[in-house]
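Chain residues, written in single-letter form:
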Amino acid sequence: MKIDLTSIPPEGKSLNLRLTPDWWKPDSDEDRIMGIESPFSAGIKIYPAGKKIVLEGFLSTRLLLRCDRCLEPYSWDLSTDFRIYLSMSPFRGEFEVELSEDDLNVDFIDGDFLDPERIIKEQIILNVPMKTLCTTECKGLCPICGCNLNMTRCSCSSRYKTPANVR
Ligand SMILES: [Zn+2]
Ligand SMILES: [Zn+2]
């Protein structure tokens with residue numbers, strides 16, 4: 001779906017996106033997000049404000065993340081609001097993101113067209129913690145034999161202490 005930003009009426013336009021787990025296509029650098037657990041909906045309201053266009057939205061979903069320590073998947077609930085400003089570029093006459101350019105990948109704008117699904121994807125990526133842990137006390141993998149120390153106890157631990165076991 002593409003939205004033509006030049007055709008937003010003065011009263012704004014509301015979108016309600018219904019997304020299913022197969023919608024999520026992970027980028028290679030975002031494989032910490034392994035998937036989405038159930039269908040979810042996300043709302044976006046787009047309205048003009050002077051020479052700008054404001055996008056306000058919310059989303060709530062349950063993600064499947066990969067633990068940084070033990071590499072096992074775990075469920076994580078995400079619920080967030082967002083607001084993004086777009087302004088017309090004086091040089092190119094096209095809309096572009098005005099704020100938070102450092103944080104946002106602007107793939108969701110193509111000239112005067114906006115891809116709302118890309119905005120939702122971007123918000124999911126931005127809101128996932130930098131460090132993903134299945135539990136705060138996750139013991140991780142044994143650095144010697146590679147077993148998951150949350151589930152099994154190997155004999156290596158008597159010879160080598162993992163950081164999680166050091167007190
Ligand atoms: Zn873990
Ligand atoms: Zn081991």
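What counts and what doesn't
- Residues numbered from 1 in each chain as written.
- Chains lettered and ligands numbered in written order.
- Predicted model: local features only at pLDDT ≥ 70, side-chain atom pairs only at ≥ 80, totals over all residues.
- Heavy atoms only, no water.
- Pairing = 2+ DSSP bridges.
- Helix = DSSP H or I, 4+ residues; strand = E, 2+ residues; numbered from the N terminus.
- Donors = N, O, S within 2.8 Å, 3.2 Å for Na, K, Ca; no water.
- Tetrahedral: all angles 85-135°; square planar, octahedral: opposite > 155°, others 65-115°.
- Salt bridge = Lys/Arg side-chain N within 4 Å of Asp/Glu carboxyl O.

Enquirer: Explain the sheet that holds strand β8 (residues 109-110) to me, please; I cannot follow it from the model alone.
Expert: Two strands in a sheet stick together by hydrogen bonds in their backbones, pointing the same way (parallel) or opposite ways (antiparallel). Spatial ordering of the open sheet is given by β1-β9-β8, a layout of three strands whose pairing is antiparallel. The open sheet has two edge strands, β1 (3-4) and β8, and neither has a second partner. Across two bridges, the pairing between β1 and strand β9 (residues 113-114) is antiparallel. From the neighbouring strand, Ile3 faces β9, where its bridge partner is Leu114.

Enquirer: What am I meant to see in the coordination of the zinc ion (ligand 1) here?
Expert: Tetrahedral metal sites with four donors have an ideal angle of 109.5 degrees; octahedral sites with six donors have ideal angles of 90 or 180 degrees. Around the zinc ion (ligand 1), the protein contributes the donor atoms Cys67 (SG), Cys70 (SG), Cys134 (SG) and Cys138 (SG), at 2.3 Å from the metal centre. Geometry at the zinc ion (ligand 1) is tetrahedral, judged from the four donor atoms that bind it and their angles of 105 to 113° at the metal. Along the chain, the residues donating to the zinc ion (ligand 1) fall in the pattern C-x2-C-x63-C-x3-C. With Cys70 in the loop between β5 (52-66) and β6 (73-88) and Cys134 in the segment after α1 (116-127), this pair connects stretches of sequence that are 64 residues apart.

Enquirer: Explanation requested: the coordination of the zinc ion (ligand 2) in the structure shown.
Expert: Around the zinc ion (ligand 2), the protein contributes the donor atoms Cys142 (SG), Cys145 (SG), Cys154 (SG) and Cys156 (SG), which lie 2.2 to 2.4 Å from the metal centre. Between the four donor atoms coordinating the zinc ion (ligand 2), the angles at the centre fall across 108 to 113°, so the site counts as tetrahedral.

Enquirer: How should the pattern of salt bridges be read in this particular structure?
Expert: A side chain of one charge can pair with a side chain of the opposite charge if their charged atoms are brought near each other. Going through the model one piece at a time under the given rule, you end up with two salt bridges. Arg83 is paired through a salt bridge with Glu56; the nearest N and O atoms lie 2.7 Å apart. Of this pair, Arg83 sits in strand β6 while Glu56 sits in strand β5, placing them 27 residues apart in sequence. In this structure, Asp77 engages Arg62 in a salt bridge whose closest nitrogen and oxygen atoms are separated by 2.6 Å. Remark: Arg62 occurs in strand β5 and Asp77 occurs in strand β6; sequence separation between them is 15 residues.

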